[in-house]
There are 2 protein chains.
Amino acid sequence: MTTFKEKSFDYSILIVGDEILDGRRVDRHVHFITRTLQPFGLRCRRAVVVRDEFEVMRTSIENALAETRLVITTGGLGPTVDDVTREALSAATGISLRENPAVVEMIEERFRRLGREMTPNNRRQALTPEQGGFYPNDNGTAPGLVFDDGERIAIALPGPPRELEPLVTAQLIPHLSERLRLENRFSSLSLKLCCIGESNVDAAAERVLGKVDDLKISLLAQLGTVELTLTLAGEKEECEKRLKQYEHGLRLALGKFIYADREIALQAALGELLAAAGQTLAVAESCTGGMLGSWITETPGSSDYFAGGVIAYSNEVKQRDLGVAESTLEQFGAVSRETAVEMAEGVRKRFGTNWGVSITGVAGPGGGSAEKPVGTVWIAAAGESGTYPFKLSLTGDRDAVRHRSCVYALDQVRRLLAGIEPHA
Amino acid sequence: MTTFKEKSFDYSILIVGDEILDGRRVDRHVHFITRTLQPFGLRCRRAVVVRDEFEVMRTSIENALAETRLVITTGGLGPTVDDVTREALSAATGISLRENPAVVEMIEERFRRLGREMTPNNRRQALTPEQGGFYPNDNGTAPGLVFDDGERIAIALPGPPRELEPLVTAQLIPHLSERLRLENRFSSLSLKLCCIGESNVDAAAERVLGKVDDLKISLLAQLGTVELTLTLAGEKEECEKRLKQYEHGLRLALGKFIYADREIALQAALGELLAAAGQTLAVAESCTGGMLGSWITETPGSSDYFAGGVIAYSNEVKQRDLGVAESTLEQFGAVSRETAVEMAEGVRKRFGTNWGVSITGVAGPGGGSAEKPVGTVWIAAAGESGTYPFKLSLTGDRDAVRHRSCVYALDQVRRLLAGIEPHA
């Protein structure tokens, strides 16, 4: 069997998706796959979205395999005759399919567990390649399929994200690392930052790290957070030593913005800090309407540190349930330092938690004024040592304003817990 | 010059995007273009993302033009030599580029307006095809380019969404409608449904509509909601009459699940019902932790009908802030009909709203028991006429359980407001 000794390795992605080409769904698989495989030296050369038709699929796979020796397909592994990916892969690679008793057993077991009957159609999902293998799928009936003739590799993954994503991280990556001998050639370091712009991270990284020929720096920005990844190729120990040095320099320049050194959401990172400190949090939300609480409770086990909160969308609720003074609302308005402070302190007191955090702002598109334009948001975190309010002047649409407000609110509590200078 | 008389017309999309293939950005152009062109009978046959390299681009354009006579590219129209789209299109189509004085003038004017100097590089952006034309770009320096030899059409659009999107709607569509004579050939009808599975909608549509040769039925499912679209080609008045008949049949079979006959989110549709009735709503959320409130407040102007709510993540909050009896929690547990009812009635009373809606459930992955496994959710809506609780047994991960719970909670209020039999 041929192994691949290149330092980096090109591959193609083939997405089966009529619903994408009909404008009914945004593809996210290309992003997930490229981003997850990138650190392992796997470079996507081309991504193609095609319709679910046998001939189109077969020729597309053939063309892709002529260009790159590795092809990853997504979708088209369902139980019906409309799902042609597995047959198209078989035709394009010349590798036959055969019913696999182990997979039949897995599918039967899955149906038993769900208390449903397995249909004869589902037996098609038990077909696996005669050369290659399969990835068991814990979240669906179709296993991932590996067609591997020793020279060319084609891997078929099921379409639903909650099936595809675990297969990529838990099975495809270990498999390809082994198969392509790519493991340990790359060392990387990821830092997660928040409340700082991508271009500022970029500029700081350039200033701190200077020009290093073999260092690859990549940035991925999402609303309010940035992931900075450094990658080096070479001997593991040496690389890791250098990465530690780079990290040290980055922390000196950007320390207060760095909330984690691994892939983790800000709300989960804050949850870990709260749990470690044995402290609790409650929220008082106006313009975000529950989004902050919703984010915090995405994390399983968040009941250990999250008590709940008040969605104080109207001024009446701000007064009655959070104890904001009528005079405060009259004198300073609902979107003000004073109201944010009273909301945070009010929810902390009412819920008896260590921390209370509040958000009140003008999310738009209406409701803005010359003095308080759309995007004006006041946030406050109240704790034992005092209350820390700050103002944001955000740009973007309603969704962006609400989203960024939640990021800053979480970060204010994180900074206070971590002993970092708070937003002010 | 050849015109095209087909009823529908296939095209290809070519996205130039290293940052997409490196996992740094999610492509949204495919979605925008396909979705915007679809109603005009333009059907995307293939979408390809490639790297910004001349040879790759040239062969990709040639291959695409061999397959479909219309190709749309995005990106790679910048002023530097790295931007190769225009030269690749010229090479692939055999149509030369020539500096266009009208475009030079537009670019100069733009730079004057911004108070900046035009660089010599920018003159490359004034090159336009000798056969075809260009689309003036009000939001950037690069015009859209049309290469048209009378048989094959290749259109290059700039990459930034705020440049591309207006060019598509204001220039590409009128241009292609005229050029391809496609306007007004298609009529369609979309129904939005919730709390019903995609396969059930599919089966019902098949039963109601039978086999109609020229009717295209498409379904798009998202967690908890389904969009059903019927499309007919032909004379407008006749098509619309037939679509009305089909809609009538579908409403008889699926009426209670249909919440809108246009593209609108369930929370916005409910908001319209509440606003029309002059009624108000408050929420009491346990396992969803604020998600329901967050959804409702996505809609601008939701303060007209949404007062706020209580995130009652702990039992203590359920008692103190919602008035759930200690004995109820002890006897029936937090996830029970009785607790859901008391939460909904409690928040309605406390907030003085017409409606109170509650969600309490086991979102997982922990917290399940034999009696109340993960996915068990109780929901209740309390109104003037009484309180309507129901139980869900959901599958899927934490996010899916929380998401679907919100859909059902919104739908319970919608059904009660619309006089439809509630979930029970």
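Residues numbered from 1 in each chain as written. Chains lettered and ligands numbered in written order. Predicted model: local features only at pLDDT ≥ 70, side-chain atom pairs only at ≥ 80, totals over all residues. Heavy atoms only, no water.

Colleague: Help me understand the state of the cysteines in this model?
Modeller: Throughout this description, disulfide means a covalent bond between two cysteine sulfur atoms. Residues and elements named next belong to chain B. In this structure the tally under the stated criterion is zero disulfides over all chains. Cys194 supplies the cysteine sulfur nearest to Cys195, a cysteine that is in no disulfide, at a spacing of 4.0 Å. Judged by relative accessible area, Cys195 falls into the buried class, the value being 9%. Among the cysteines around Cys287, which has no disulfide bond, Cys406 carries the closest sulfur, lying 7.9 Å off. For Cys287, a relative accessible area of 5% puts it in the buried group. (Disulfide = S-S within 2.5 Å. Buried < 20%, exposed > 50% of the residue type's maximum accessible area, 1.4 Å probe, protein only.)

Colleague: How do you make sense of the packing of aromatic side chains when you look at a structure like this?
Modeller: Each aromatic ring pair is summarised here by two numbers: the centre-to-centre distance and the angle between the ring planes. This model, assessed by the stated rule, comprises four aromatic pairs over all chains. Geometry around Phe351(B) places Arg320(A) over its ring, the cationic atom sitting 4.7 Å from the centre. (Phe/Tyr/Trp six-rings, centres within 6.5 Å; stacked < 30°, edge-to-face > 60°. Lys NZ or Arg CZ within 6 Å of the ring centre and 35° of its normal.)

Colleague: What exactly am I supposed to notice about the interface of chain A and chain B here?
Modeller: It is common to give the size of an interface as the accessible area that goes away when the parts come together. Listed as interface residues are 61 residues of chain A and, on the opposing side, 62 residues of chain B. Across the chain A/chain B interface, buried area totals approximately 4,800 Å², and carbon plus sulfur atoms make up 50% of it. Of all residues in chain A, Arg24(A), Ile311(A) and Tyr313(A) bury the most surface against chain B, accounting for 13% of the area lost on that side. Where chain A packs against chain B, one counts four salt bridges. For Arg43(B), the salt bridge goes to Glu53(A), with nearest N and O atoms at 3.5 Å. Element by element, the count of residues in the side of chain A that touches chain B is highest for strand β2 (residues 42-50) of chain A, at eight residues. Alignment of β2(A) against strand β2 (residues 42-50) of chain B, held across five bridges, turns out to be antiparallel. Along β2(B), the bridge assignment pairs Val49(A) with Ala47(B). (Contact = heavy atoms within 4.5 Å. Buried area = accessible area lost by both parts, 1.4 Å probe. Salt bridge = Lys/Arg side-chain N within 4 Å of Asp/Glu carboxyl O. Helix = DSSP H or I, 4+ residues; strand = E, 2+ residues; numbered from the N terminus. Pairing = 2+ DSSP bridges.)

Colleague: Whenever I open this one, helix α8 (residues 236-254) of chain A confuses me. Can you help?
Modeller: Side chains that are three or four residues apart share a direction in an α-helix, a result of its 3.6 residues per turn. All names here are of chain A. Here α8 contains 19 residues, and its C-alpha end-to-end distance of 26 Å stays within 8% of the 27 Å for a straight helix at 1.5 Å per residue. Looking only at α8, the buried set comprises Cys239, Arg242, Leu243, Tyr246, Glu247, Gly249, Leu250 and Leu254. Across the axial projection of α8, the buried residues extend over an arc of 165°, all falling on one side. Facing away from the buried side of α8, by more than 90 degrees, are the exposed residues Glu237, Lys241, Lys244, Gln245, His248 and Leu252. Where α8 is buried, its residues contact β9 (186-194), α7 (198-209), β11 (225-233) and β12 (258-260). For α8, the capping residue at the N-terminal end is Glu235, with a side-chain oxygen 3.3 Å from the backbone nitrogen of Glu237. (Expected span 1.5 Å × (residues − 1). Arc of directions from axis to C-beta. Polar contact = N/O pair within 3.5 Å; in protein donor to acceptor, adjacent residues only side chain to side chain.)

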